[in-house]
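Observations on chain architecture
As a plain string of letters, each chain reads:
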Amino acid sequence: MKKRIAIVGGGISGLTAAYILHRDYSETCDISLFEAENRLGGIVETVYGDGFTIECGPDSWVTEKPWAEQLARELGLADELLRSNDHARRTYIAHGGSLAPLPDAMRMMVPTDLSAILASPLFTEAAKQVYMGEPARAEELREAALANRGSDMDESVAAFVRRHFGEEVAETVARPLLAGIFGGDIERLSARALLGPFISMEARHGSLIIGLQQRSHAPRSSVFTTLSSGLGTLVDHLQQRLPTTSVRLSNPVTTLDSLPTGWAVETTRGRESFDRVLIATPLDITRRLLARLPFTQAQQAATLLPSHANSGLVVAFAYRRLDKATAAIPNGFGFLVPAAPVSDHSLLACTFLDQKFPNRAPEGATLLRTFFASSAADRLSCRSDSEIATIARDHLVGFLGPLPQRADVTIVRHWPRSLPQYEVGHLARMAQFDACLSSLHGFLVAGNALRGVGLPDLVRDATQAAHALARN
Ligand SMILES: Cc1cc2nc3c(=O)[nH]c(=O)nc-3n(C[C@H](O)[C@H](O)[C@H](O)COP(=O)(O)OP(=O)(O)OC[C@H]3O[C@@H](n4cnc5c(N)ncnc54)[C@H](O)[C@@H]3O)c2cc1C
């Protein structure tokens, strides 16, 4: 008899797990993928209009992490791999009413070239001096890092950045950068969970500047990779590899329960029994499904998940032809807005998608994508899409100059409570979470609440979960 495996949630996590199970274990396992919506992909969604390829969720993955690219290649998408235009990579920070470029050769808030920092209008003399002094503090920083080695000691991203580069860099660079990726607050986000490579660098070199300078001798490929026809193609190809009968769209799972020899999965259409279950739903749903299971370990695991997920709101504007005499869009990948202005609707970031990747827009056209997060996204979400688009456009005008009243294509996408916040202590809580679940046979959890929100991490975790479900 084949093992019956239920996967709950058809985002990139659930889909990857379903694909691996079907690829490697179709002789021994039967899979059913339950998805609440009438489409697969979850936050991954590409729309096309007027020659534009518009990403509503993720626009790319970090090239350095190999797992998403490996999956794409395996699905026959090697010819689709598209690298970011790194020769034009430049990110701006809204600063004193204009857009100031982040100095070249920065990795997040860490520079490799200190002369670029000295020349930057973004920092005061005091902040530049803190940057200049960081390499000289290497020994002190390294000793502090080693003192905590092997312990669960964690600190906030803000505290970590301040220790190296001071308050101003934390506010001007780290705060908007981390908010742009995780939609969260650096005072609460975990350094160990989100800045792993820098934590290792600190333990080795003390100074992050020295650590990065030593690493940057290796030739680097483009920082971001995507697919030429959009990330929706990854979803389509995963779906095509699955038997149509195993995909249950518009079929939200309402309850999970234990059976003497497995698990019951309940939807509005009925109750079915399975030998194994993988939950790959958004944080709130995962928490609810776990909390209602009749096991204290599952209920305890639910309490160890991130306590909160922030919302995201994306508004994309596609212009076939912009009057360059009015709108002044600088060369680069986009800009970030330090969170400080206490406005109800503060814009967090804008990506110049036509510049970040080739072929996202017809020749001479412009594709801008704005991003609102957290309370700004929640407050805006009460408005109509056309009001939201007007507000987003007004923000852009403030930074870029006049834009037409209407774009040729406008897309508004709401992603409520989609960005789990990995707060201080997250990794230790995840270790406890795993320990709690280890006693539930044939029951696993994947998804962006656990060990990474980026596509490569999710593909890696879902692949591991699929193998574990089939083998154990
Ligand atoms: C605006 C935005 C931009 C991003 N940009 C990037 C980026 O550029 N690069 C990057 O790597 N990452 C990015 N991310 C993060 C990344 O997109 C997500 O972390 C990832 O797509 C989450 O995948 P998932 O499968 O874990 O969850 P989801 O995509 O949330 O999928 C979960 C699925 O479960 C379904 N579901 C919910 N409830 C039930 C139920 N009861 N029963 C059955 N199914 C259910 C949902 O409908 C959904 O399809 C971005 C995120 C956002 C919000």
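Residues numbered from 1 in each chain as written. Predicted model: local features only at pLDDT ≥ 70, side-chain atom pairs only at ≥ 80, totals over all residues. Heavy atoms only, no water.

Turning to the overall build of the protein, a few remarks are in order. The helix and strand inventory of the protein stands at 17 helices and 22 strands. Taken over C-alpha atoms, the radius of gyration comes to 23 Å for the protein, in line with the 23 Å a tight globule of 472 residues would show. Taken along the three principal axes of its C-alpha coordinates, the protein extends 70 × 55 × 40 Å. Sorting the 472 residues of the protein into buried and exposed places 54% on the buried side. The contacts of the protein with a sequence gap of at least 6 include a subset with a gap of at least 24, amounting to 74%. (Helix = DSSP H or I, 4+ residues; strand = E, 2+ residues; numbered from the N terminus. Rg over C-alpha atoms; globule rule 2.2 N^0.38 Å. Buried < 20%, exposed > 50% of the residue type's maximum accessible area, 1.4 Å probe, protein only. Contact = heavy atoms within 4.5 Å.)

Below, the discussion takes up the nonpolar core. Counting 56 residues, the largest nonpolar core has I54, M109, Y131, V161 and F165 as its most contacted members. Here the element with the most residues in this core is helix α6 (residues 157–182); it accounts for 13 residues. For this core, the two domains that each supply at least three residues are domain 2 (46–87 + 309–420) and domain 3 (104–215). Setting aside chain neighbours within four positions, we find F165 in contact with M109, V110, V130, Y131, E134, L208 and I209. By size, the runner-up hydrophobic cluster in this structure holds 39 residues, among which are A18, L71, V459 and L469. (Core = buried A, V, L, I, M, F, W, Y, C linked by side-chain atoms within 4.5 Å. Domains from an automatic or database assignment.)

Mapped onto the fold, S386 is located in helix α15 (residues 385–400). Assessed through its relative accessible area of 52%, S386 is described here as exposed. Along the primary structure S386 and R107 are separated by 279 residues, whereas in three dimensions their C-alpha atoms are 36 Å apart.

Time to look at the site of the ligand. Near the ligand, the surroundings consist of 35 residues, among which S13, E35, S60, V453 and L455 are the closest. For the ligand, a nitrogen atom lies 3.1 Å from a polar atom in the backbone of A36. Expressed as a share of its isolated accessible area of 1000 Å², the protein-covered part of the ligand is 89%. Secondary structure elements with two or more residues in the shell around the ligand: α1 (12–25), β21 (409–420) and α17 (455–471). When residues of the shell around the ligand are assigned to their parent elements, the largest contribution, 3 residues, is made by β21. Two domains each provide a minimum of three residues to the shell around the ligand, namely domain 1 (3–40 + 232–307 + 423–471) and domain 2 (46–87 + 309–420). (Near = heavy atom within 4 Å. Polar contact = N/O pair within 3.5 Å; in protein donor to acceptor, adjacent residues only side chain to side chain. Areas by Shrake-Rupley, 256 points an atom, 1.4 Å probe, with all protein chains shown as cover.)

Bringing helix α5 (residues 138–147) into the picture now. Within the span of α5, buried status applies to A138, L141 and A145. Angular distribution of buried residues about the axis of α5 spans 75 degrees; they occupy a single face of the element. Exposed side chains of α5 directed beyond 90 degrees from the buried face belong to E143 and A147. Lining the buried residues of α5 we find α6, α8 (196–205) and α9 (208–215). (Arc of directions from axis to C-beta.)

A few words on the packing of α6 against α8. Describing two packed helices takes the angle between their axes plus the distance from one axis to the other. With their axes 12 Å apart at the nearest point, α6 and α8 run at an angle of 45 degrees to one another. Compared by their axis directions, α6 and α8 come out oblique. In this structure, α6 crosses over α8, and the sense of that crossing is left-handed. For the pair α6 and α8, the contacting residues are F160, R163 and H164 in the first and F198, I199 and E202 in the second. When the residues that make up the contact of α6 with α8 are grouped by side-chain class, the tally is 3 nonpolar, 1 polar and 2 charged. (Axes fitted to C-alpha atoms, helices over the stretch in contact; angles between N-to-C directions. Parallel < 35°, antiparallel > 145°, perpendicular 65-115°, else oblique. Left-handed = near helix turned anticlockwise from the far one by under 90°. Nonpolar A, V, L, I, M, F, W, Y, C, P; charged D, E, K, R; others polar.)

All right, on to the pattern of salt bridges then. A pair can form between side chains of opposite charge whenever their charged atoms are brought close. By the definition in use, this model includes 35 salt bridges. The residue D50 makes a salt bridge to R320 at a minimum N-O spacing of 2.1 Å. Of this pair, D50 sits in the loop between β3 (46–49) and β4 (52–55) while R320 sits in the loop between β17 (309–319) and β18 (334–336); the two residues are 270 residues apart in sequence, bridging distant segments of the chain. Taking relative accessible area as the criterion, D50 reaches 41% and is therefore assigned partly exposed. One salt bridge connects E69 with R73, and the closest N-O pair in it is separated by 3.0 Å. (Salt bridge = Lys/Arg side-chain N within 4 Å of Asp/Glu carboxyl O.)

What follows concerns the domain arrangement of the protein. Here the domain parsing of the protein yields domain 1 (3–40 + 232–307 + 423–471), domain 2 (46–87 + 309–420) and domain 3 (104–215). Each partner contributes to the interface: domain 2 provides 11 residues, whereas domain 3 provides 13 residues. Summing both sides of the interface, domain 2 and domain 3 together bury roughly 770 Å²; the carbon and sulfur share of this comes to 61%. Viewed at the interface, domain 3 and domain 2 are joined by 2 salt bridges. (Buried area = accessible area lost by both parts, 1.4 Å probe.)

Glancing now at the pairing of β17. The two faces of a sheet get side chains in turn, since along a regular strand they alternate between them. Burial analysis of β17 places 11 of its 11 residues in the buried class, which makes it a mostly covered element. Both β17 and strand β20 (residues 366–373) contribute to a ladder of 8 bridges, which runs antiparallel. Across the sheet, residue V314 finds its bridge partner in β20, namely F371. (Pairing = 2+ DSSP bridges.)

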